[in-house]
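Residue-level structure breakdown
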Amino acid sequence: MKKSTTEMTRRGLMKGAAAAAAVASVSIVPSHVLGGPGKPAAPSDTFGAALIGCGGRGGGTFRDLSGKHGLNIKKLAMCDVKYKDKCDNKMFYTDFRRVLERKDIDIVAIATPPHWHALISIAAMASGKDVVCEKPMTKFIGEGRAVVNAAKRYGRIFQVGTYGRFGMATSRGTNAMTRKIMSSGLLKKTKAVYVHRGGLKVKQWSGSVDQAYAEIPANLDWDMYCGPSPLKPYQSRRVGGTHRGYWDYDSGGLGDMGQHKFDPINFLHGKDNTGPISVETHAPPAHAEVAGMWGWSKLTYADGFQLVIESGEWGEPSGMKRCHPTIEELSPADQEKLKAMPDQKPLIGFGEAVKTRQQPGGHAEAAHRTVCIMHLTNISIRVGRKLNFDPVTEQIVGDEEANRLAYQPMRAPWHL
Amino acid sequence: MAASDKLKKLVDKMPDADGANDKGKKRRRSKGTLTGPSWAEAAPVFDEILKGGSDSIVGLVSMLAPTDEGKDIKARYTLHAVLTYACTPGKDKQRACVAGAIASQLAGQSKDNQAFLMRELQLCADAKTATELGKFLCTKDLSTAAAYALTAIGKDALPQLRAALPKAKGSCRLDVVQALSVMSDAQSVEGLKKAAGDPDREVRLAAICGLANIADAGAVDVMIKASDAKDAWERIQAGDACLELAEKLTAAGKKTEANKIYTHLKQTRNTVGESHVGDIAAKALAAK
């Protein structure tokens, strides 16, 4: 049966057009009109898409492509390490590499556990795909910079799966003024403090230290699940949501919820292109394998801004209070300059970004800077001391052990 | 060496799994999480353990059960926490003592514990422990953990990795090639060029990644050859490594070599699914 045009994907159209042009030697429609990988698309275009990581948030993340992001999507592949029993390498896959090799896929939605996020995102962009990747964007700091570089190199659209900043961009009142002041570049020193308390599921996503080894389920490709992380004996809580409690795959409730909570705060305070210069935490000595309890983290930026994160689940609170930046912190001349500055425009969503090839609101650099808040907090908790961080070189200063957690080796054959 | 009674008492001050003493449904609900003491409570215990020097660390290692299934929660937790504490900047002697003691215990442990201890060394090891770790680079199932730790040590561990390159086989060879590649070891260029023609695809890919990282202009022909791979995944990865190398050569002012790569990619990446690479190469050439 002949396919209708609406069932064909952009790449299919491109391929067909190129073949027809080659055979008929007639003048072809320019690619910027027809669309094509990395080129602006018509609103009616259908995009071939794949979901990698089909448990948990996977279904929702994929549905968002056609729902929230308003794209015409044709689902072409589903990949999960638990598909050993139904893998046909046509629609169902266990190995994401086979998916990325396909030339009819334009967009990849990634909802695997976090230790796979960076590697699959980078490989997808190298394969010419646009990417929407679930949070947290990465497992350690070095991965984030590699994702940013890949997005730049390949000119692909990358959007992390959190959208709180989109609402923040259109909010009015104090938030709008805070955003304007903090992102203006006029404020050299501030006393502003943002205190975030609770909602981080710290106890819920703490890992287990007493799990017996078990037989690997028949449908699970355990080696592929572990991927760049150490290949360890199978324990059931290492998969299926409770993976969040293990440093090998995630970083507890902070990893699970942090990108949602801190991404709007980072945006609000104009920190999309920088990071803190110091991080101090209050927590018990950490376990080697699993995430556990912690009390608070205090991150200080070069301009004096402080982000305080309180779990509300362990120890004494930080005692810090929220303090908004005010226009009075600027000189009279700078206050006038600020007033003349335009208000924040709404951010571009993933769907529009894919069609117009513009940077989306939750782009790789911004997402990386947010996830670094979580990584630095977790590293400080894991080493039990205050860290000094250089947000330009992205190195922890004067603490080699802490840096080893910021830049972790990967299990071959996986590498950045 | 068995743990002394004093050490056992210190370890016993550390927590068990949350709810370990609960019974029935309450116990099952506790999920086996672990909540440590505050640092104010823990630090004096760790100081006392560290005062015992390497004997204490060896004693802690002896308290590990052969597998990590919750039979040694306090000892495993204490060993890691003491190690972390000893890595505090300024505690160089303690750090070296802990690393040396752990490295001395690698032989004769269960495979699980060997891997666990090497991962601990990944955090605290230094040049002195690299030799011990290097002994495992040709041991199947342990070469990965050894390579992790040696990679973390950095350039001081390169002699061990270089020495293992001609000897390592199978997955061990992949671990060694990857470690040298990730560490951008310029002295291994010839070895990596050879590995770029290895029968194993993953070894080839690790090697060309290393050649790109090192940014050796003499590797251009090897990289171009690699980029012509038939295997689709290898082709994607090799194309990426070529772009990386070309970018680095351009930045180093080696435009002729960079242009050679860009020209090849422009000519060979022009069909659907690959044209984005060809476009990047074309743009780079146009910018020169």
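How each quantity is defined
Residues numbered from 1 in each chain as written. Chains lettered and ligands numbered in written order. Predicted model: local features only at pLDDT ≥ 70, side-chain atom pairs only at ≥ 80, totals over all residues. Heavy atoms only, no water. Domains from an automatic or database assignment. Contact = heavy atoms within 4.5 Å. Buried area = accessible area lost by both parts, 1.4 Å probe. Salt bridge = Lys/Arg side-chain N within 4 Å of Asp/Glu carboxyl O. Polar contact = N/O pair within 3.5 Å; in protein donor to acceptor, adjacent residues only side chain to side chain. Helix = DSSP H or I, 4+ residues; strand = E, 2+ residues; numbered from the N terminus. Nonpolar A, V, L, I, M, F, W, Y, C, P; charged D, E, K, R; others polar. Expected span 1.5 Å × (residues − 1). Bend = angle between axes of the 7 residues up to and from the residue. Buried < 20%, exposed > 50% of the residue type's maximum accessible area, 1.4 Å probe, protein only. Core = buried A, V, L, I, M, F, W, Y, C linked by side-chain atoms within 4.5 Å. Phe/Tyr/Trp six-rings, centres within 6.5 Å; stacked < 30°, edge-to-face > 60°. Lys NZ or Arg CZ within 6 Å of the ring centre and 35° of its normal. Axes fitted to C-alpha atoms, helices over the stretch in contact; angles between N-to-C directions. Parallel < 35°, antiparallel > 145°, perpendicular 65-115°, else oblique. Left-handed = near helix turned anticlockwise from the far one by under 90°.

Residues and elements named next belong to chain A. Parsing chain A into structural domains produces domain 1 (5-164) and domain 2 (165-208 + 242-406). Across the contact, 40 residues belong to domain 1 and 41 residues belong to domain 2. Note on domain 1 versus domain 2: buried area summed over both sides is about 3,200 Å², and carbon and sulfur give 61% of it. The largest contributions to the domain 1 side of the interface with domain 2 come from Lys-135, Ile-141 and Ile-157, which together make up 21% of the buried area. On inspection of domain 1 and its partner domain 2, the count reaches four salt bridges. Among the ionic pairs, Arg-145 bridges to Glu-394, the shortest N-O distance being 2.9 Å. Connecting domain 1 to domain 2 are 21 residue pairs in polar contact (both at pLDDT 80 or more). Of all the secondary-structure elements, those providing two or more residues to the side of domain 1 that touches domain 2 are β5 (130-133), α6 (141-154) and β6 (158-160).

With that out of the way, let us pick up the interface of chain B and chain A. Many structure descriptions define interface size as the accessible area lost when the parts assemble. Every contact between the two is made by 66 residues of chain B and, on the other side, 63 residues of chain A. Across the pair Asp-18 of chain B and Lys-203 of chain A runs a salt bridge whose closest N-O atoms are separated by 2.9 Å. At the junction of chain B with chain A, the criterion picks out 29 residue pairs in polar contact (both at pLDDT 80 or more). Taken together, the elements giving at least two residues each to the side of chain B that touches chain A come down to α3 (39-51), α5 (73-86), α7 (111-124), α9 (143-153), α11 (170-182), α13 (201-214), α15 (232-251) and α17 (275-286) of chain B. Here the residues of the side of chain B that touches chain A are counted per class, giving 31 nonpolar, 18 polar and 17 charged.

Quick look at helix α10 (residues 252-268) of chain A now. All names here are of chain A. With 17 residues, α10 ought to run about 24 Å at 1.5 Å a step, and its terminal C-alpha atoms sit 25 Å apart, in line with that. At Gly-258, α10 shows its strongest bend, of approximately 55 degrees. Of all 17 residues in α10, 15 are buried, a share of seventy percent or more. Positioned one or two residues after α10, Gly-270 has a phi angle of 65 degrees, which is positive.

With 196 residues, the main nonpolar core has Phe-96 and Phe-158 of chain A together with Leu-121 of chain B as its most contacted residues. Sort the elements by how many residues they give to this core and helix α13 (residues 364-383) of chain A lands first, with ten residues. Excluding residues that lie within four positions of it along the chain, Phe-96 of chain A makes contacts with Ile-52, Cys-79, Trp-116, Ile-120, Ala-123, Met-224 and Trp-414 of chain A together with Trp-233 of chain B.

So, on to the packing of aromatic side chains. Applying the stated rule across the entire model yields 14 aromatic pairs over all chains. When the centroid spacing of 5.8 Å and the interplanar angle of 90 degrees are considered together, the rings of Phe-96 of chain A and Trp-233 of chain B count as edge-to-face. Of the two residues, Phe-96 of chain A is situated in helix α4 (residues 96-101) and Trp-233 of chain B in helix α15; the pairing between them involves two chains. A relative accessible area of 3% places Phe-96 of chain A in the buried class. Taken together, a centroid distance of 5.9 Å and an interplanar angle of 80 degrees make the contact between Trp-39 of chain B and Phe-46 of chain B edge-to-face. This pair shows no difference in class: Trp-39 of chain B is buried, exactly as Phe-46 of chain B is. Within the aromatic cluster, the residues linked to one another by ring pairs are Trp-222, Tyr-225, Tyr-234, Tyr-246 and Tyr-249 of chain A. Lying across the ring of Trp-205 of chain A, Arg-244 of chain A places its NZ or CZ 4.6 Å from the centre. Between the NZ or CZ atom of Arg-382 of chain A and the centre of the ring of Trp-247 of chain A, over which it lies, the distance is 4.2 Å.

Below, the discussion takes up the packing of helix α14 (residues 220-227) of chain B against α15 of chain B. All names here are of chain B. Contact pair α14 / α15: the axes reach a minimum separation of 8 Å and the direction vectors enclose 150 degrees. Judged by the angle between their axes, α14 and α15 are roughly antiparallel. In this structure, α14 meets α15 at a crossing whose hand is left-handed. Each of Val-220, Met-223, Ile-224, Ala-226 and Ser-227 in α14 lies in contact with α15, whose residues at this interface are Arg-235, Ala-238, Ala-241, Cys-242, Leu-245 and Leu-249. Split by residue class, the contact of α14 with α15 holds nine nonpolar, one polar and one charged.

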